[in-house]
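Descriptive analysis of the structure
Listed below are the residues making up each chain.
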Amino acid sequence: MSFVNRLFSAINSGTKHLFKRRFTLRYPDQKFILEGEGYQYDPKNGVGIAGYRGRHILYLERCTGCSLCFMMCKGISLAIEMINLPDKQISVNKKSNFPQIDYSKCVYCGFCVDACPFRALFETNDYEVVSYDRESLLFTPEQLAVPPKKPKGTHDLKYGSRGAYHA
Ligand code: SF4
Ligand code: SF4
């Protein structure tokens with residue numbers, strides 16, 4: 001390809017993008033709102049419910065302490081550890097054992113969610129699990145039980161004939 005052809009090809013390629021809607025956001029001042037509730041699994045029907053695989057949510061009142069999530073993660077990243085919370089009196093969990101997750105190891109694969117037979121562990125839309133130190137990335141069962149807050153300054157992602165964009 002000659003120099004002139006390459007020049008016109010580059011100008012042509014750049015010009016096409018002038019008429020597209022902006023897709024980038026000025027993160028962290030602007031943030032996306034992700035659709036849905038996050039990744040879930042329906043053990044009754046054996047199907048995953050599509051969604052973003054972010055920070056988990058643990059429904060303490062449904063957790064039996066069976067450790068299946070822990071055993072599943074053991075072969076992946078050892079991010080889950082079962083810990084004992086004697087002050088948590090939950091009728092279905094006689095030994096009061098619950099999972100905690102170390103997000104410095106978690107790869108967000110969702111296999112622990114698939115392994116839970118009691119719909120006690122799902123993933124959420126929270127994509128901001130960040131910290132300056134590793135200790136803060138260790139989420140106790142009580143921390144996992146708190147639903148994530150909707151980030152401020154959020155933007156809806158829209159889908160048009162020219163692809164995804166935001167207002
Ligand atoms: S999502 Fe994280 S905690 Fe769950 S199995 Fe995968 S690596 Fe382990
Ligand atoms: S979260 Fe689910 S799989 Fe993990 S210990 Fe609790 S009930 Fe068992």
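Our subject is the structure listed above.
All of these numbers come straight from a predicted model, not from anything done at the bench.

For the protein chain, the count of helices and strands is four helices and ten strands. For the protein chain, the sequential pattern of α-helices and β-strands runs α-β-β-β-β-α-β-β-α-β-β-α-β-β. Over its C-alpha trace the protein chain gives a radius of gyration of 22 Å, far above what one expects of a compact globule, namely 15 Å for 167 residues. With the principal axes as the frame, the protein chain shows a C-alpha extent of 75 × 35 × 30 Å. Every one of the 167 residues in the protein chain was classed for burial, and the buried ones make up 20%. Counting contacts in the protein chain only where the partners sit at least 6 residues apart, residues at least 24 apart contribute 69% of the total.

Before going further, it helps to examine the pairing of strand 6 (residues 97-102). Across five bridges, the pairing between strand 5 (residues 80-84) and strand 6 is antiparallel. What sits directly across from Ile-83, in strand 6, is Phe-98.

Next up on the list: the site of ligand 1. Taken together, 14 residues form the shell around ligand 1, and within it Cys-73, Ala-79, Cys-106, Cys-109 and Cys-112 come nearest. Put simply, the parts of the chain that give the shell around ligand 1 at least two residues each are helix 2 (68-74) and helix 3 (111-115). In terms of residue class, the shell around ligand 1 is made up of twelve nonpolar, two polar and no charged.

This part covers the sheet that holds strand 5. The three strands lie next to each other as 5-6-8, forming an open sheet whose pairing is antiparallel. Edge positions in the sheet fall to strand 5 and strand 8 (138-139), since each has one partner strand and no second. In terms of strand pairing, strand 6 meets strand 8 through two bridges, oriented antiparallel. Considered in strand 8, the bridge of Ile-101 is made with Phe-139.

What counts, and where the lines are drawn
Residues numbered from 1 in each chain as written. Chains lettered and ligands numbered in written order. Predicted model: local features only at pLDDT ≥ 70, side-chain atom pairs only at ≥ 80, totals over all residues. Helix = DSSP H or I, 4+ residues; strand = E, 2+ residues; numbered from the N terminus. Rg over C-alpha atoms; globule rule 2.2 N^0.38 Å. Buried ≥ 20, exposed ≤ 12 C-beta atoms within 10 Å, placed from the backbone. Contact = placed C-beta atoms within 7 Å. Pairing = 2+ DSSP bridges. Near = placed C-beta within 6 Å. Nonpolar A, V, L, I, M, F, W, Y, C, P; charged D, E, K, R; others polar.

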